[in-house]
Every structure is written in C-alpha cells, then in structure tokens.
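# Results of the structural survey
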Amino acid sequence: MPSLHAGLAGHSPFAANPATQTNAHHHPSPPLPSSGVLTPQHVVLVQALPSGHCFALPAQGSVILGRNSADVPPDAYLLPLDDLDAQNHGVSRQHCRLDRHASELTVTDLGSTNGTYLNERRLEQHRPYPVVHGDRLILGSLHLAIFFVLGNESSAQER
C-alpha cells in the first residue's frame with residue numbers, strides 16, 4: 001500500500017519530504033491561478049485546516065484520502081491523514097478519492113461513514129464532483145482546502 005508516509009522508502013511519487021510537505025506558517029496562501037483553470041503546470045496542494053500542513057498531489061492519477069489501512073488496493077496511493085487525528089474526526093479508512101487529469105480534479109466519496117462535503121454540500125457516494133482552486137473539503141469533521149499553484153511557485157515542484 002503506497003502512502004505519503006511510505007514514500008520515504010521510495011514507494012510514492014509524492015512522498016512526505018520537504019519538497020512535498022509544507023507548513024502554511026512558512027508560505028503565504030497560494031494565489032488564484034490567473035486563468036482559474038487547472039493545467040499540467042499546476043501543482044495541486046491539499047492543506048489541512050487549521051494546522052496549515054500541505055501535501056502535494058501527483059501530476060496525474062488518483063489519491064485516496066483516509067487512514068492507514070491494509071484495505072487500500074495495492075495499485076492505489078493513500079494520503080494517510082492519521083497525523084491530523086483523522087480517526088477522532090470521523091475519517092474513514094478509504095474516505096474519498098481525488099482524481100487528477102491534466103485539466104480536471106474531481107472528488108468522489110468512497111462510501112464514507114460520516115460523509116464528504118464540498119464547500120459545505122454533502123456529496124452523494126460514488127459520484128465524482130469537480131474541484132476548483134480554493135474549494136473546501138470536509139471529511140467527517142476534518143477540514144481541508146484545495147489550491148492550484150504553478151510549479152515554480154511551490155517547493156512541491158521538486159517531487
């Protein structure tokens with residue numbers, strides 16, 4: 001099960017290291033993309049609120065947001081939210097999935113117990129919804145923000 005933290009052993013293209021994990025106290029809020037459109041040059045950042053911890057997503061593919069679990073498919077990447085007290089926030093093991101394609105990002109609730117919210121609207125399970133710069137996700141009671149930044153505006157470009 002590749003995960004953000006397992007990336008330290010080289011299993012994940014977006015390993016938790018200084019290049020992909022940042023803290024909002026060291027970086028200003030990412031600016032809105034001039035076109036408002038996700039391009040291949042953008043890095044997608046998931047920022048935990050209010051802690052400010054940020055994680056960069058891979059340039060293509062899917063990432064499951066949830067808790068460390070052996071249940072994650074071997075070909076899937078997991079962004080474990082355990083360090084953010086995910087279990088106490090009601091985050092499921094496989095809570096939701098972010099799918100990135102060149103110019104589109106979607107979120108899909110994977111049948112979570114406590115729901116996934118996009119800008120305070122509860123999502124129907126197993127249905128993809130478009131995500132844009134500045135959107136807010138709530139997984140159980142864990143708050144996240146999504147930002148698109150140009151690769152040269154973020155230290156995450158060195159993945």
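Above this text you will find the structure in question.
Below, the structure is looked at part by part. Just so it is clear, the model here is predicted, and its values are computed rather than measured.

Let us now look at the nonpolar core. The biggest cluster of nonpolar side chains holds 27 residues, and the ones touching the most others in it are Leu-65, Leu-81, Leu-98, Leu-105, Val-107 and Ile-146. Those elements that provide at least two residues to this core are strand S2 (42–49), strand S4 (61–66), strand S6 (94–101), strand S7 (104–109), strand S11 (136–139) and strand S12 (142–150). Excluding its chain neighbours within four sequence positions, the residues that come into contact with Leu-105 are Leu-38, Val-44, Leu-57, Leu-98, Asp-99, Arg-100, Tyr-129, Pro-130, Val-131, Ile-146 and Phe-148. If you look at the next biggest cluster of nonpolar residues, it comprises six residues, including Val-43, Leu-45, Phe-147 and Val-149.

Position of Ser-112 among the secondary structure elements: in the loop between S7 and strand S8 (116–118). In terms of polar contacts, Ser-112 uses its side chain to reach the side chain of Asp-109, at 2.6 Å. Within the structure, Ser-112 has its side chain in polar contact with the backbone nitrogen of Gly-115 (distance 3.1 Å). Contact partners of Ser-112, with chain neighbours within four places excluded, come to Ser-92, His-95 and Gln-125.

Once that is clear, we can look at the environment of Ala-145. Residue position: Ala-145 is located in strand S12. In this structure Ala-145 comes out as buried when scored by relative accessible area, which is 0%. Taking the C-alpha atoms as reference, Ala-145 lies 7.1 Å from Leu-49; in sequence the two are 96 residues apart. Not counting the four nearest positions on each side in its chain, Ala-145 is found in contact with Leu-45, Val-46, Gln-47, Leu-49, Asp-135 and Arg-136.

Definitions and cut-offs
- Residues numbered from 1 in each chain as written.
- Predicted model: local features only at pLDDT ≥ 70, side-chain atom pairs only at ≥ 80, totals over all residues.
- Heavy atoms only, no water.
- Core = buried A, V, L, I, M, F, W, Y, C linked by side-chain atoms within 4.5 Å.
- Buried < 20%, exposed > 50% of the residue type's maximum accessible area, 1.4 Å probe, protein only.
- Helix = DSSP H or I, 4+ residues; strand = E, 2+ residues; numbered from the N terminus.
- Contact = heavy atoms within 4.5 Å.
- Polar contact = N/O pair within 3.5 Å; in protein donor to acceptor, adjacent residues only side chain to side chain.

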